[in-house]
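So you can see what is in the structure, the chains are spelled out below.
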Amino acid sequence: MDVLIPKRKWSFVTRWWWLGALVLAGTGAAGLYWPRPGQRLHVAASRLTISPVVRGNFQEFTAIDGVVQPLHTVYLDAAEAGTVQQVLVEEGTTLTVGQPLLRLTNPDLQLEMVNRETAVYDLMNNLRNTRTQLLQNRILRQNQLADIDFQLAEARRVFDTNQVLYSQKVIARQDYLQSQNAYRYQRRRRQLTQQTLRQDSMAMQQQLGAMQESVQRMTSNLALMRRKMDDLLLRAPVGGRLSSLAAEVGEAKTRGQRLGQIDALAGVKLHAAVDEFYIARIAAGQVGEVVVDGQAYSLRVTKIFAQVAKGLQIDLAFTGTPPPGLRRGQTLPIRLALSTKAPAVLLPKGGFYQQTVGNWAFKLGADGTRAQRVAIRLGRQNPDYYEVLAGLQPGDRVVTSSYEGYADQQELVLDNDRP
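Worth saying up front: this structure is predicted, and the values here are computed from it rather than measured.

Reading the values: rules and limits
Residues numbered from 1 in each chain as written. Predicted model: local features only at pLDDT ≥ 70, side-chain atom pairs only at ≥ 80, totals over all residues. Heavy atoms only, no water. 1 Å grid on protein atoms, 1.4 Å probe; cavity = no way out; pocket = protein on both sides within 12 Å on 5 of 7 lines; lining within 4 Å. Points joined across faces, edges and corners; volume = space filled by probe spheres on them. Helix = DSSP H or I, 4+ residues; strand = E, 2+ residues; numbered from the N terminus. Nonpolar A, V, L, I, M, F, W, Y, C, P; charged D, E, K, R; others polar. Buried < 20%, exposed > 50% of the residue type's maximum accessible area, 1.4 Å probe, protein only. Phe/Tyr/Trp six-rings, centres within 6.5 Å; stacked < 30°, edge-to-face > 60°. Lys NZ or Arg CZ within 6 Å of the ring centre and 35° of its normal. Pairing = 2+ DSSP bridges. Core = buried A, V, L, I, M, F, W, Y, C linked by side-chain atoms within 4.5 Å. Contact = heavy atoms within 4.5 Å.

## Notes on the layout of surface pockets
Picture a little ball the size of a water molecule; that probe, rolled over the atoms, points out where space is still empty.
Phase 1 of the analysis: A volume near 320 Å³ is recorded for the largest pocket.
Phase 2 of the analysis: For the lining of the largest pocket, the secondary-structure elements that each account for two or more residues are β4 (61-70) and β10 (240-245).
Phase 3 of the analysis: Tallied by class, the residues present in the lining of the largest pocket amount to seven nonpolar, four polar and four charged.
Phase 4 of the analysis: Considered as a void within the structure, the second largest pocket measures approximately 270 Å³ in volume.
Phase 5 of the analysis: Lining the second largest pocket are 16 residues, and of these Q59, F61, E289, R335 and K341 sit closest to its centre.
Phase 6 of the analysis: When contributions to the lining of the second largest pocket are tallied by element, the ones reaching two or more residues are β3 (54-58), β14 (287-292) and β17 (331-337).
Phase 7 of the analysis: Across the lining of the second largest pocket, the residue classes tally to seven nonpolar, five polar and four charged.

## A closer look at the environment of A203
Phase 1 of the analysis: Mapped onto the elements of the fold, A203 is located in helix α3 (residues 173-230).
Phase 2 of the analysis: Note on A203: relative accessible area 40%, which makes it partly exposed.
Phase 3 of the analysis: Between the C-alpha atom of A203 and that of L134, which follows or precedes it by 69 residues, the distance is 9.5 Å.

## Considering the packing of aromatic side chains
Aromatic ring pairs: the centre-centre distance and the angle between the two ring planes describe each pair.
Phase 1 of the analysis: If you walk through the whole model with that rule in mind, you get eleven aromatic pairs.
Phase 2 of the analysis: Summarising the aromatic geometry, the rings of F352 and Y403 are spaced 5.9 Å apart at their centres and angled 45 degrees between planes, so their arrangement reads as tilted. Separated by 51 residues along the polypeptide, F352 in the loop between β18 (342-348) and α4 (353-356) and Y403 in the loop between β23 (397-399) and β24 (411-415) bring together distant segments of the chain.
Phase 3 of the analysis: Through a chain of ring-to-ring contacts, the aromatic side chains of F352, Y353, W360, F362, Y386 and Y403 assemble into a single cluster.
Phase 4 of the analysis: Directly above the ring of Y166 sits K169, whose terminal nitrogen or CZ lies 5.9 Å from the centroid.
Phase 5 of the analysis: The lysine or arginine in question, R335, covers the ring of F61, its NZ or CZ lying 3.8 Å from the ring centre.

## Observations concerning the pairing of strand β13 (residues 268-274)
A regular strand places its side chains on the two faces of the sheet in alternate fashion.
Phase 1 of the analysis: The buried fraction of β13 amounts to five of the seven residues, a majority that puts the element mostly inside the structure.
Phase 2 of the analysis: Pairing of β4 with β13 involves five bridges; the strand directions are antiparallel. Across the sheet, the residue bridging to G66 is A272, located in β13.
Phase 3 of the analysis: Taken together, the six bridges between β13 and strand β16 (residues 312-318) define a ladder with antiparallel strand orientation. Each bridged residue has a counterpart across the sheet, and for L270 the counterpart in β16 is L316.

## Focus on the nonpolar core
Phase 1 of the analysis: Counting residues in hydrophobic clusters, the biggest one holds 23 residues, and the most contacted among them are F362, L392 and Y403.
Phase 2 of the analysis: Elements that contribute at least two residues to this core include exactly β18, β19 (360-364), β20 (370-375), β22 (385-390), β23 and β24.
Phase 3 of the analysis: The element contributing the most residues to this core is β19, with four residues.
Phase 4 of the analysis: Residues contacting F362, with those up to four places away along its chain left out, are A371, Q372, R373, R397, V398, V399, Y403, Y406, Q409, Q410, E411 and L412.

## Describing the sheet that holds strand β11 (residues 252-253)
Phase 1 of the analysis: With respect to topology, four strands assemble into an open sheet ordered β9-β8-β6-β11, the strand pairing being antiparallel. Unpaired on one side and paired on the other, β9 (233-235) and β11 mark the two borders of the sheet.
Phase 2 of the analysis: The pairing of strand β8 (residues 100-105) with β9 spans three bridges and is classified as antiparallel. The partner of P100 across the bridge, within β9, is R235.

Printed below as a string of structure tokens:
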């Protein structure tokens, strides 16, 4: 028959023993996955970048690239349309003022030049003929006036004689009145002739003046036409280096088309693009610095372009003698100052900032074998340094390389022989 087996019960001690074992096992497992406060990590010293905290002058600046350009550039445009007949120089040539560069030909312009010259010569011949004719008319009027003067004098002589004779009752009254009327007629005739001569002189002067003005206008137009013909021979307006010349023999050029450019040899400038983030902090006169062959040269912002394209475009000029040997298109690194220099505690920049955002860092101890996690506070920054506001002192040494994999550690133990 079946036998009833009594149910086995755990004692109080046994239950607590198993509970304690489970707790210990869970704690050990958790210790494998979560770091414990104060956990140390051994790292190879060669994998870390250690930087000293120093005291110095802090200045905000941004690093930009400047392209060397001539201080003044003169562009060459075609003043008149034409076909390239001859190229007289090559790119890169050093030019003098007025040196011929290339020659264009324009048959239509040449034909117009011939027509205008012919028109001017015709007008000048007409002016010459008109002046001769007017002078002849004037001489004729003067001869008429001389004849009238003679007749007037003769009429006055007869009248004066008849007047004496008539007073002595020698001649008849009819003869006296006839001589008197003849004298008055000649006097009136002289007045009218003199008035006509005066009017003819005024009309002649006006006509000659109008024709002279026409000749002057046409001569000016002809001179302008000759200058247009001279523009077919392109000359260097300034001295300098011909940096580009876009012209080939037989190529047709339109008026105003760009033919090339001349870089003046008076000096150079740097053209740079600044990130749009700094637009409000860029102003004319702002200073910068460029280092060439280990020597620093000062710069000054001379021009800020209104249009923002691929950043804020600016021009910078050297405040002193520029570096020797600079060539157009060469790129130089520029430190553009955004503030004045001021004393501060400085920490070199590094990859640690990506994990800490400037809130903490690993600071080395006096023996240099351990780095403790300490709270810090950083302020402004430039491409080289952070400004330290709290947590570090000059002379401290800090791990500034990346903290990837170290973010949960409290202490780093530096092993010199650890791979």
